[in-house]
Structures are given as structure tokens and as C-alpha cells.
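Spelled out from the first residue to the last, the chains are:
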Amino acid sequence: MVVKNLNIGLLGHVDSGKTSLAKVLSSISSTASFDKSSQSQQRGITLDLGFSALLIDTPAHIKCQCPEIEQIQITFVDCPGHASLIRTIIGGAQIIDMMILVIDAQKGIQTQTAECIVIGALLKRKLLVVVNKIDMFESEEKKAATLKKLDTKLRKAISSTQFGDSFSIFHVSAVSGEGIQELLEGIKSNLYMPTRNLDEPFLMYVDHCFSIKGQGTICTGTVVQGSVSVNDNIDIPSIKEQRKVKSMQMFRRPVQKASMGDRVGICLTQFNAKSMERGILCQVGYMQLIYAAVIQCNVIEFYKYAIKSKSKFHVSVGHNTIMAHITLFQGTGESPVFNSALEYEYIDELDEDKCKQTTSQTVFCLLEFETPIYATSNSILIASKLDLDVHSTCCRLAFWGNMQWHTNNANYTKEQLSTWKIYKTKEKQGTVQRVASDQEIIVQNLFKKESNRQIYLGKKIQLSTGECGQIESTFGQTSKVKITFRECLKEDTLRLLKEGRANDVIVMLKYKKYVFNKNLGIIQ
């Protein structure tokens, strides 16, 4: 029997009823489902990803496309909703094919509701909206009026995102069962067969790891690329070791092979489960540590703070979140593809106004990781400010992008970045100390006393009156330089200078200075 797995994530604000909804929708539970951990039960909230499933006959619209598929297993990924667990939510969202946004009927859109919408939109997941707890209203009239108003508000808020207006809204009660059958039918009608990269090297995001005495170590997770079979040798990059696959199960059902999209438990020959709470399994030799990466910087419009070069952000890839120092820059053209051989202009910071100004130019971001990460070359990186107040109503997700460049070289700063032509535009200003001739002036205050004036010889300058010249030589022992002009200075300029109004004539030196290569000197 051919059974295909599809992953549906339940996302939303804390206490919106996601776990209760997962229970009523599922017929199969796993070792990590329905808040089974003692800490989750004590606190009454979901603290980790939960997994359960429902096995259905293949809907007719899929059967027409893929007649060989007899059943579909829907794996529900129950994501926590608490603000402090946003990195777990991001990790969960990256393994799903479709997203159910769960909303409390009486509370409506809350802070984490908005963050979940943003995550789903940037990952381009298909969306269903479920308004839960409709049994809590005191009257049918109150319920109808509130739900109608909430539906309008939801459509207005979500339609401005990448989801547009093409999503369905369902009203349910996970407690009484009202609307659940309609939701199940809606889920079935919205199912689709996503593209699966089965020919790519095997890669699996592991979310739980534990040992069973006499059997081995069990890694449970989702295959996000390629496939794996029993007796395959695979890499465990976090401990830099290889292990053989002894056996596999999908929701307690033994299988010989698992492919992209499958939720699977893999039994490996013994290793310490505590050494990898979360991580990845992959084809032998496939993954290498990445020390830095470049992405196209897609700013999330709901993030209301400036994004500054030299600052630090939390960067999430898969189930992993690490700190990274950022450098922003933009090209002179509109190419969305980074090329380390081209010249780029350094950006100090991106605020709302700057984002609007740079819509015609591609902004890139260099991420230098404090701890190197394992990731694929086309991974989506999501940057957040998770140290913002969790009770804030501001979105903490700042920007995102697909990896366009990365390096496995620990010494990349000296060996790679030093060749990049990312520059800052600089300007120095000075005044005329005296006129030596119609084509020569002595300038002061253009440089500080301690500056090395020699490196500026031959560089072009411009007067505020329009004439262009160049720095001919240093003058005296302090900070003065001699400026020469090919043509005579304008009569009006000479008159100003000779009348003692030299402060009215500004001498300007504009140049580029490369950020990562100080030895390239001054460029004009």
C-alpha cells in the first residue's frame, strides 16, 4: 500500500487551543504529542513540538493526479505559542507543508498570532485559519456578531501578506466538537502533493532524541530532503560521528525506507542521546560547518526597529538558532544575486525610510555566526531580535533570506572578506589658507595633524564654487596640502579668497574606503 505523508502545523498564540485541536483531529499519537512532558503538564502550556497523525483515504483531487497513492497520513505538528519559544515555532514551521493558524474566538489577533502569520508567509506555506473556542460565548447572537467581525478583521490583516485572500476560515470548538467535521473536510479539500526532492542527499531535522536500553538511540524528526533506508550509514554532524540505521518506524509502524516529508523515528547504533537534543542527520560527508553567509535582506514590514550594521541578531535555520553579527550593503544595480567580485556600498542602518528608498536596489546582509552552523547552501535564514521584551506588542522577526553565499573556511575574514569591495563613502572638508597663484591654493583643516597625508596625494578635490583640482603635495609640517588646478580659478572665487572670505569656499575631498580591506587605500 502506497501511503504519503503531509505535515500540517498548528500555530498560534499561547492558550488558543492548539493542543486540544490536535487531539480531536488525530487518531494516532506519538511519544512526543499532546504535552506528554511532565513540565508541559505542570505549566499547562505546550513547551515543545508535538506530533500526532490522522490516516485518511486519498481525496479524489489528489487521486486523479497520483492514482498510486492509496492513503495519506496527515502529521499534525503542534507548535508552542508562548513568546519565549519563538525559535521552536520557527523550527516547527520549516518542516510543514501547510499551516493551520489557530485563534481564540474571544481574544482575536494577538502578538504571537501576528508572528505566526509572518513566519508562514515568508516560508510560503498554504494557510487555513481556525477560530477556536466558539463554545465560550453566552449566546448565539453574541457568537454570530463576534465571529463576523473577527472574520472581517482577519481577512483584512492577512490579505496584506503573501497569503493574499485565498484562505478559508473555520469556526470550531475543540471541546464540544462543533465545526470539527467541517474543518476535517476543509483540510482534505486543501491537501496537495508538494514537490519532494528525493534525488538530493539525505537530510533530516531531529527534534527529539532518547535511548532505549538494548536497542540503541532513537532520533525522531522530519526528513526534509532525499531519503534514507535501513542499514544506511549516516552522519551525525554535531558529534562528528557516523552510525548505521538499525530500524525505522513511522508512528509505531516499521518501515524500511523514509523520504522527504516523512515523520520518522530512526534507531541508530548506540550513542549518547544527551549529546544531541536537537540537530540533523544527513548523508555521509554532506554537511560542513558554515562560518558566515550572505543573504538578500528581505525586511519584515511589521518589525519597527532600525536594522543596523555591526549589531547582533538571532538567526534561525532549521531547529537551530544562533547569534550573528551583521553587515548590510547594496549593489549599484538591481541584480538580486550576490557576486563577491562586484562593488557594493556599505549601509549603516535600515530604518523604515531607508527600506522605502532601497526598493529599487537589492540589499544584502553578511551574517557572521558566533558559533558555526550546519546548513544547506540554499537554506532560509530568519533573523530575529529575541531579546526584546516578550510582552511587547512589536514583531520580533526582523528580516529573512535564502543563503546566496557561504563559507566553510574558519579563516574567511583574512582569506575571503579581504578581497570584497564593500565600501563606505567618505567626505573630508577643509578651507583655503591662502592663494599661491591662479591655479594653486594652500588648504588647511582638510586633515588632522596625525593623518598620513601621503596616501591622499593625487586625489581629486572639488571646491564648493565648482572647480575641480587635485592634491599635489603636502605643505609644511602640520596638516596643510597644496592643491593645483588645470585651469585658472574662476574670477568670483579668486575675489572671495582675496577679500578675506576664504571660509565661504569649502574644499571637499570625496572618496571610497573598503570595509574589509584596509590595505586597498583610498579609492575615487
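Residues numbered from 1 in each chain as written. Predicted model: local features only at pLDDT ≥ 70, side-chain atom pairs only at ≥ 80, totals over all residues. Heavy atoms only, no water.

For the protein chain, the name recorded in an unreviewed UniProt entry is Tr-type G domain-containing protein, with Stomoxys calcitrans as its organism.

Note on terminology: disulfide describes a covalent bond linking the sulfur atoms of two cysteines. The final tally for this structure, using the stated rule, is 0 disulfides. We note that Cys 79 lacks a disulfide partner, and the nearest cysteine sulfur, in Cys 116, lies 7.5 Å from it. Counting only cysteine sulfurs, Cys 365 is the nearest neighbor of Cys 297, a cysteine outside any disulfide, at a range of 5.4 Å. (Disulfide = S-S within 2.5 Å.)

What describes a pair of aromatic rings is the distance from one ring centre to the other and the angle between the planes of the rings. Under the criterion given, the structure shown has 13 aromatic pairs. Aromatic side chains Phe 313 and Phe 399 sit 5.4 Å apart centroid to centroid with 70° between the ring planes, which places their arrangement in the edge-to-face category. Residue Phe 313 is located in strand 20 (residues 312-317), and its partner Phe 399 is located in strand 26 (residues 397-407); the two are separated by 86 residues in the primary sequence. Through a chain of ring-to-ring contacts, three or more aromatic side chains come together here, namely Phe 329, Phe 338, Tyr 344, Phe 364, Trp 405, Trp 420 and Phe 516. The cationic tip of Arg 263 hangs over the ring face of Phe 51; the distance from NZ or CZ to the ring centre is 3.3 Å. (Phe/Tyr/Trp six-rings, centres within 6.5 Å; stacked < 30°, edge-to-face > 60°. Helix = DSSP H or I, 4+ residues; strand = E, 2+ residues; numbered from the N terminus. Lys NZ or Arg CZ within 6 Å of the ring centre and 35° of its normal.)

Along its sequence, the protein chain is organised into domain 1 (2-190), domain 2 (203-283), domain 3 (288-419) and domain 4 (424-523). Of note, the centres of domain 3 and domain 4, computed from C-alpha atoms alone, are 38 Å apart. At the junction of the two partners, domain 3 supplies 8 residues and domain 4 supplies 7 residues. The largest per-residue losses of area from domain 3 upon contact with domain 4 belong to Glu 343, Tyr 346 and Ser 418, which jointly make up 60% of the total buried on that side. Two residues, Glu 343 and Lys 512, come together in a salt bridge whose shortest N-O distance is 3.0 Å. For the pair domain 3 and domain 4, the number of links is 3 residue pairs in polar contact (both at pLDDT 80 or more). (Domains from an automatic or database assignment. Contact = heavy atoms within 4.5 Å. Buried area = accessible area lost by both parts, 1.4 Å probe. Salt bridge = Lys/Arg side-chain N within 4 Å of Asp/Glu carboxyl O. Polar contact = N/O pair within 3.5 Å; in protein donor to acceptor, adjacent residues only side chain to side chain.)

What follows deals with the nonpolar core. Counting 46 residues, the largest nonpolar core has Leu 101 and Val 129 as its most contacted members. Taken together, the elements giving at least two residues each to this core come down to helix 4 (86-93), strand 5 (98-104), helix 5 (111-122), strand 6 (126-132), helix 6 (140-159), strand 8 (203-212), strand 16 (279-283) and strand 26. The element that contributes the greatest number of residues to this core is helix 5, accounting for 6 residues. The contact partners of Leu 101, leaving out residues within four places of it in the chain, are Leu 11, Gly 12, Thr 113, Cys 116, Ile 117, Leu 127, Leu 128, Val 129, Val 130 and Ile 158. Residues Ile 74, Val 102, Ile 180 and Leu 183 belong to the second largest nonpolar core, which totals 27 residues. (Core = buried A, V, L, I, M, F, W, Y, C linked by side-chain atoms within 4.5 Å. Buried < 20%, exposed > 50% of the residue type's maximum accessible area, 1.4 Å probe, protein only.)

What follows covers the packing of helix 4 against helix 5. Put simply, helix 4 and helix 5 touch, their axes get as near as 10 Å, and they point 35° apart. The two elements helix 4 and helix 5 cross, and the hand of that crossing is right-handed. Counting all contacts with helix 4, which are made through Ile 86, Ile 89, Ile 90 and Ala 93, the residues of helix 5 involved are Glu 115, Cys 116 and Ile 119. (Axes fitted to C-alpha atoms, helices over the stretch in contact; angles between N-to-C directions. Left-handed = near helix turned anticlockwise from the far one by under 90°.)

What follows deals with the environment of Thr 220. Locating Thr 220 in the fold gives a position in strand 9 (residues 216-225). Sequence spacing of Thr 220 and Val 3 is 217 residues, and the spatial spacing of their C-alpha atoms is 19 Å. Excluding its chain neighbours within four sequence positions, the residues that come into contact with Thr 220 are Met 204, Tyr 205, Val 206, Asp 207, His 208, Phe 210, Arg 263, Val 264 and Gly 265.

Turning our eyes to something else, we now look at helix 6. With 20 residues, helix 6 extends 28 Å from end C-alpha to end C-alpha; this agrees with the ideal 28 Å at 1.5 Å per step. Check the buried side of helix 6 and you find it contacts strand 5, helix 5, strand 6 and strand 7 (168-171). (Expected span 1.5 Å × (residues − 1).)

This next bit is on helix 1 (residues 18-25). Residues of helix 1 that are buried: Lys 18, Thr 19, Leu 21, Ala 22 and Leu 25. Buried residues of helix 1 fall within an arc of 160° about the axis and therefore sit on the same side. On the buried face of helix 1, the contacting elements are strand 1 (3-12), strand 3 (50-57), strand 4 (71-78), strand 5, strand 6 and helix 7 (180-190). (Arc of directions from axis to C-beta.)

Right, let's talk about the pattern of salt bridges for a bit. Think of it this way: side chains of opposite charge can pair up when their charged atoms draw near. As enumerated under the stated definition, the model contains 15 salt bridges in all. For Arg 243, the salt bridge goes to Glu 241, with nearest N and O atoms at 2.7 Å. Judged by its relative accessible area of 17%, Arg 243 is buried. Shared partners join several salt bridges into a network, and the residues in it are Asp 15, Asp 104 and Lys 133.

Further remarks concern the side chain of Asn 7. Position of Asn 7 among the secondary structure elements: in strand 1. Residue classification places Asn 7 among the buried residues on the basis of a relative accessible area of 1%. At a separation of 3.0 Å, a polar atom in the side chain of Asn 7 contacts the side chain of Asn 5. Apart from residues no more than four positions distant in its own chain, Asn 7 is found in contact with Thr 75, Ile 95, Ile 96, Asp 97, Met 98, Thr 222, Gly 261 and Arg 263.

This part is about the environment of Ile 506. By the element assignment, Ile 506 lies in strand 32 (residues 506-514). Those residues in contact with Ile 506 that lie beyond four places of it in its chain are Gln 429, Gly 430, Gln 462, Leu 463 and Ser 464.

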